[in-house]
Every structure is written in structure tokens, then in C-alpha cells.
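Structural overview for review
Here's the letter readout for the chains.
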Amino acid sequence: MIKKEEAAERIKFLTEEIRRHNDNYYRNNNPEITDFQYDLLVNELETLERTFPDLKIAGSPTAEVGSDLTREFAEVQHSYPMLSLGNTYSEEEVRSFHDRISKSISLERGYVCELKYDGASISLTYRKGRLESAVTRGDGFVGDDVTANVKTIKSVPHTISASGIPSLFTIRGEIYMPRDGFMEMNRKRIEAGEMPFANPRNAAAGTLKLLNPETVAGRPLECFLYSLLGESLPHGEHYANLVAARQWGFRIPEEPRVCMTIDEVISFIRQWEHKRDNLPYDTDGAVIKVNSITEQKLLGSTSKSPRWAIAYKYKTERALTRLMSVSFQVGRTGAVTPVANLEPVPIAGTKVQRASLHNADQIRLLDLHLNDMVYVEKGGEIIPKIVGVDIISREENSARVQFITQCPECGTTLIRKDDEAAHYCPNRKGCPTQIKGRITHFVSRKAMNIEGIGEEIIELLYKAQLIQNPADLYALTTDKIIPLERLGEKSARNITENIRKSVNVPFPRIIYALGIRHTGENSARILAESFGSIENLSNATMEELTAVRDIGEKTAEAISEWFSDPDNIELTERLKEFGLKMRIDIPILSVDGLLSNRTIVISGQFKHHSRDEYKKMIEDNGGKIVTTVSASTSFILAGENMGPAKRDKAGKLGVEIMDEEEFLKLLKNG
Ligand code: IVH
């Protein structure tokens, strides 16, 4: 066992180190180490303090929550202390938590299992239905008053009115930033020459502490609420209170479940381990809470965390390894992806030697240098990614990783569009990798599904100058391909036979097979159904394209651009000549309905339904959606903040403006 003098030294070191990391995390929103590394340090300190209780330093971080107080906001006392949660990475410890508490309380009402949202905690107090204050956790007893900032978050109600609402209550939850909003915000920051945030949690916590609420309003913050506190709560069970708060209009997450046995708890934990990767926000664990509030009170809390709850944290499979080099791959659309070549390292049972670096911004974000020791994670995606660099071990004078300026395949100077993160090789027609990539996509399973042809065969055919684009496949004959190396007569015959059979592939899959940027299987299907034929699609204006449900500006632009290239028109003509079905099989029925022959413009932000839902309602009722207001517009469906230009034009042309409620009434009453 460790000697007492050594233990004293280690306790002092860990105490100071953890305090420093607490400040980095809670005050500066800029942690140096991962949560896992931090938890290991806390665990070690707890073990040493348990073994040598007299060596415990007063105010040890194992007994106090890390403080986020900044002195820049008014401080507000919490009516109920805001504690932290005990955590574990092992199912066994969750079971011992259950064994421990079931000795002293009744678990008749079971547990509530929730996810652990990764953001910054917030405490909202409502008096007589009005939001009185929004306060950060602070040191657990006193927090920073960030009411003005929180009021900019749309889903946080400023007032609530429903029957049965207590006249005074507190509701707590997590302020977070959804992943897509975070990426978009970082992209803009990089463009503006500002430092990007390292992850959505830091971005959320940092934003919450900004001094100007107007800046906060421009950031994509969200809030989930997960605990209701007060002297006259509607129910004696945590879960029932969550349901009530949802009815009052609070944004309560959908994931919480009541689990009656510890086995159910464990299966909730396991169920979300991978499923959580598909959520649009970050979570880092599950939280298990005793459902009965009476039993919660019986168990009480320590100075740092309640005894009636525990957090199970998901361990990310992560490893530290050396970055040997970075290579750049060109895809069929010309997009260039940087790939890290790593010293092979085992993660979650497989040997990892390559990791995606996404784009130039990501390289800059990590400030990667060659030979760096990097943290590699296997997250939800199949391709592992580099999540951090161990700066301490960086070699002196090591070279910073530079993004290439020329295409590695054809030497053309790369370009980067203003609104995109990726670099592109613009040599669409001459870059061999792009040409082969487009054909590979064309024959792929979800596209034309031509069996027997893969990358290798395409390489052979391309080298022999037999194919330059997908239409050339249909001009191939068995005789022409038999002489190719490694291809016998049988497989040559097989290939031409499979190509011939593919002429029966339905139109939506052909659109997908063309490989137009931003046009996935779903968009291809919707486009095929909306336009019916390749002629209609190729002649569609931007206005007609964006009027289609689920087709955004980017996809519409990509389609217009694709059809404006004469080579692509020739390609579709040739495919048609070879017998491919360039129109939809079933004739599209014209929808007769309430809105038939009506042309409608949608503008502004809506409260009751999303813009896509309104688009669908209009289309389902036979209406046509256009983007610009003209004399032939029947009416404008207007939400909040409708553009002033549109409003002016409507006024001048005498076009009716209908608000959401009126529109819904129209649909309902006919
Ligand atoms: S309950 C007394 N439920 O985790 C504990 N906390 O480590 C009250 N968190 O400060 C917290 N998701 O910021 C609870 N579903 C959830 C949570 C959650 C995230 C955060 C919260 C808290 C921290 C504790």
C-alpha cells in the first residue's frame, strides 16, 4: 500500500490539479483533459481520502461542486442547493447503488432513467406563472443570474398559464447547443477569423456567460428541463411531475422512462449506448433517479450529490496514437477529404490505422502537427475520428499539417466555395478519380445496382478507354471487354448482361444514380415524383425546385447547375436512347382539393407547424407553392417576421396575407 507521506503528497497534487481542471471546465469553458481523464483523477482522490481520512484537505473538490461563478453577473441564492451527480462507468456499480439504497428505502415506484445531456445546468424560477430568474449552478448554493441570456432561448417560456401550476416553483435542466447549430456557428467563426469552440458543451456554457444578450440570441442555444422542485408539486413522483411540466409548456426530453427493476435500468443504459449517437445533441451518459419524491427525501444528499441518483457515463472507445502522415482523397463530386494515417492501435476490438479529418477547418481546430500523439475515438460513425491532440508530447519543430492546394489526382488548383467547409477539385471533366467515382456511384447497389462491376473493373475499363461516363457502359459489348486482363469470357458476358438488365431500373433510382450533389435517395425520389420526367426536371426553375417539399436551396442550385452543363444533357439523352426509363411509371395524379389552381407563397417563421409541414399541407390540398410574390399569387401564408420586401410587394399587388391560424381554419372549415 502507498505510504502515508506519499499519499499526502499525491492528495495535495490531485486536489490542486482537480481545482484547476474545475476552473478550466466551469469558468473558462475550455477543458484541457477529457471528462474520462477528469473522472479518473477524482476517483483516485476519493480513494486516497477514504484510505487516509485525516489527510483530506478542507474544501476538497470531492466534497464540493466545481464553481462557475465569474463575478460578472449578479449572484442569486438557490432555494434548493444545486448539486452534482455521483458517477460510474460500470454496470456493476449501478447494481451496487441499487443494492445499497434498496436496504433503506422502498422502490415500489421504481426508477426514472434519463439521458445525461451535455451542456450547462440552469435553474429557472417561476412566480405566478412568470419567469423570475434563470441562474447557473455557481458553487451549488449561489449562482450567476443569466436571466436576460436565457430569455433569448425560444423554448424557455417567459410566462405560463395552465391550471394547477404552483404559484412558486423551480424547474431545472440543461442549456445545450444542438450539433448542427454548433457546426454552423463554428464555420462562421472560422470564416470571421474567430477561434472556433472545441465542442457543443463549451460553446453552450460559454454563450450562457456572454454579457450581451443580443449576441446570445444569435447563437443556437436550446434548453431541456428535467427536474421540478417546489413546496407544492402536483405529484409525489418525479416522472409524473415531468409529464405535468410538459403539459404546462416546458420542453421536457422524450427519452425518460420509468424502470421498475434494476435489470430494466441496465437495459435502458445499454439501449441508449449507441442509439444516442443518432440524437441531434450530445449526451454523455444515463441518469438513474429514484422515482418517489418521499423516498428521495429519505435518502437525502451528501454535500456534493444526492444519494437517490447516479449517473452512468458511457465510455468512449478512445486511444492515443501517433499521427504519421495525412493523405488527401478525392471523391466523385471532387470534394477533397483529409485522412490521417496513424500508427496502428486497437480500439474496441479492431485495429485502427486511419481516421477521418473531415476538412481544413477540422485540421485547424486541432492545430495538428505531424508526429503528434492524437486521441482517436470510435464514435457513432464507422470511420474513427481524431478528437484531440496531446500537446504536451508534441515534438519541437514538428511541422504543422497543411491542407493541399492542388488536386492530388490531376494537379488542378483546388477551390473552396464561400458557404462550404470542403475544398473541391473543379476539374470535373478531366480528373480521372472523379470520372471513375461517378461511374462507381452509378453502378452501386442503391443506384443502378449493376452486379459484377466494382471499382476494379471500372479502373480496367477506364484505362482501356472504353468508358468515360455512365452512358458508355451501355455501349460496351462482350467482345470489347474479353481482351481486358483478368476478365474471362464468362465474366465479360455476365457484365454486359447485367448492364443490359439495368435499363429497367425505375426513374427515381436513375436520378440518384446521376450523382447530382446534395441529391440523396430521398430527394431523388421526391424529385422524380414531383416532376415526372427528366425533361421536366431539367427545365425546372429554381423557384419550382425549391417549392418542392424537402428540396432546399442548396439541392435546387446543384440540380440547376448540373442540368446547365451540355455534357450532362447529352448523357441523359444517350441513357434514354439506350432504353433507360427517364420518366416515372405511374402517371402523376393531379390533386384536386381545396387549394387547386391556387399559387401560394410561404414566408416567415411559424409556431404551430414547420415550414415543410405547411408545404405538404398545401400540396396535399392541390395547391402550388412558389417563392416570389407576383400578381398571380393567390395568397401569402405568413408567419412571424415575414420579409418586409414581400409584405410591401403584396401590398402593392393587393395579394392577401393569411396568418397561420387563419390558414389552419381555412383547411379545417374548407
Ligand atoms: S439531475 C442533483 N438529470 O449533470 C442532481 N442532471 O453531474 C440533479 N445533467 O449538474 C441533476 N442531464 O447539469 C440531472 N437528466 C439529467 C441530467 C443532468 C445532465 C447534468 C446537470 C448536473 C450534472 C451532474
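Being a predicted model, the structure only gives us computed values, none of them experimental. (Residues numbered from 1 in each chain as written. Predicted model: local features only at pLDDT ≥ 70, side-chain atom pairs only at ≥ 80, totals over all residues. Heavy atoms only, no water.)

Moving on, we get to the overall build of the protein. Each helix and strand counted, the protein has 25 helices and 21 strands in total. Summarising its shape, the C-alpha atoms of the protein cover approximately 90 × 70 × 50 Å along the three principal directions. Sorting the 670 residues of the protein into buried and exposed places 47% on the buried side. Surface accessibility of the protein: about 34000 Å² in total, with carbon and sulfur atoms responsible for 49%. Positive and negative side-chain charges of the protein, numbering 87 and 96 respectively, have mean locations separated by a distance of 1 Å. (Helix = DSSP H or I, 4+ residues; strand = E, 2+ residues; numbered from the N terminus. Buried < 20%, exposed > 50% of the residue type's maximum accessible area, 1.4 Å probe, protein only. Areas by Shrake-Rupley, 256 points an atom, 1.4 Å probe, with all protein chains shown as cover. Lys, Arg positive; Asp, Glu negative; His and termini not counted. Charge placed at Lys NZ, Arg CZ, Asp CG, Glu CD.)

Turning our eyes to something else, we now look at the site of the ligand. Every one of the 14 residues lining the ligand counts as a neighbour, but Glu114, Leu115, Glu174, Tyr226 and Lys289 are closest to it. Within the backbone of Leu115, one N or O atom sits 2.9 Å away from a nitrogen atom of the ligand. Between the ligand and Tyr226 there is a distance of 3.3 Å, counted from a nitrogen atom to a side-chain nitrogen or oxygen. Expressed as a share of its isolated accessible area of 520 Å², the protein-covered part of the ligand is 87%. Within the residue set of the shell around the ligand, elements represented by two or more residues are β3 (111-117) and β10 (283-290). (Near = heavy atom within 4 Å. Polar contact = N/O pair within 3.5 Å; in protein donor to acceptor, adjacent residues only side chain to side chain.)

Under the defined criterion, the tally for this structure stands at 31 salt bridges. Lys289 serves as the salt-bridge partner of Glu114, at 2.8 Å between the closest nitrogen and oxygen. Highlighted residues: Glu114 in strand β3 and Lys289 in strand β10, separated in sequence by 175 residues. Judged by relative accessible area, Glu114 falls into the buried class, the value being 2%. (Salt bridge = Lys/Arg side-chain N within 4 Å of Asp/Glu carboxyl O.)

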